[in-house]
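Given next are the chains, with one letter for each unit.
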Amino acid sequence: MTITSELTAALEAHAPRFAEYYREQTRRLFARLTKEYGAALRGVYNSGWSSAGMAVINQIADRAQSSSVSEHYTLNEEKLAAYADNAAHSLVTAWIGKIEQKVGELESPEVCHVNDYAYLITGTRNGHAVSIEQNMIINVSKHGVMFNQFPARITLDGKKISAAAYAKMAN
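Residues numbered from 1 in each chain as written. Predicted model: local features only at pLDDT ≥ 70, side-chain atom pairs only at ≥ 80, totals over all residues. Heavy atoms only, no water.

**Section: the packing of aromatic side chains**
Counted under the stated rule, the structure contains 6 aromatic pairs. Each ring, one from phenylalanine 18 and one from tryptophan 95, has its centre 5.9 Å from the other, and the planes form 50°; the classification is tilted. Of this pair, phenylalanine 18 sits in helix 2 (residues 15–37) while tryptophan 95 sits in helix 4 (residues 77–103), and the two are 77 residues apart along the sequence. Put simply, the rings of Phe18, Tyr21, Tyr22, Trp95, Tyr117, Tyr119 and Phe150 pair up and form one aromatic cluster. Between arginine 17 and the ring centre of tyrosine 117, over which it is positioned, the NZ or CZ distance is 5.0 Å. (Phe/Tyr/Trp six-rings, centres within 6.5 Å; stacked < 30°, edge-to-face > 60°. Helix = DSSP H or I, 4+ residues; strand = E, 2+ residues; numbered from the N terminus. Lys NZ or Arg CZ within 6 Å of the ring centre and 35° of its normal.)

**Some details on helix 1 (residues 3–13)**
Within helix 1, the full set of buried residues consists of Ile3, Glu6, Leu7, Ala10 and Leu11. Projected down its long axis, helix 1 carries its buried residues within an arc of 110°, all on one side. (Buried < 20%, exposed > 50% of the residue type's maximum accessible area, 1.4 Å probe, protein only. Arc of directions from axis to C-beta.)

**Describing the environment of arginine 63**
Locating arginine 63 in the fold gives a position in strand 1 (residues 61–65). If sequence neighbours within four positions are ignored, arginine 63 has contacts with Asn58, Glu71, His72 and Tyr73. (Contact = heavy atoms within 4.5 Å.)

**Some remarks on unusual backbone geometry**
Positioned with a positive phi, serine 108 is a non-glycine residue whose angle comes to about 50°. As for its position among the elements, serine 108 is in strand 3 (residues 107–115). The backbone of asparagine 126 sits at a positive phi, close to 50°, despite the residue not being glycine.

**Examining the pairing of strand 3**
Pairing analysis gives 6 bridges linking strand 3 to strand 4 (residues 118–125), with the strands arranged antiparallel. Paired with cysteine 112 across the two strands is leucine 120, which belongs to strand 4. Between strand 3 and strand 4, which follow one another and run antiparallel, lie 2 residues, and aspartate 116 among them has a positive phi close to 30°. (Pairing = 2+ DSSP bridges.)

See the structure below:
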């Protein structure tokens, strides 16, 4: 099996959990915005949330006219599910790319789920034992935009090595 197929199988197995995380975070964002700006989200466009929060809101919410002729937003669970599934798929794709970029092609690759968002990838490259502890952190910017970071620890023949030094050795 190649590193790509090992990674894909391991990460896609956890995609539903990633999607649930995105659903929960997005519900919190929606609740925060409607609490701060009201159901019509008046003033949100001038608040710094316009490009970030509203891009998400427009994907997950429905707008309706209330009896007072003003608009209000309601969370659409179907749209939220589609948004979260797409975000989880994008996460898996990005994560696979990050890991492949860091470790390259390994001989006899194995991927082991360690916990939450951490995996251990092992194999050999050019006769050297390689392991990478790959983690993923989901951060939220001050504007409510969720983004991922992918810190990793690489060891070569049991000794820590920087990503730059590993890249030199691998080429």
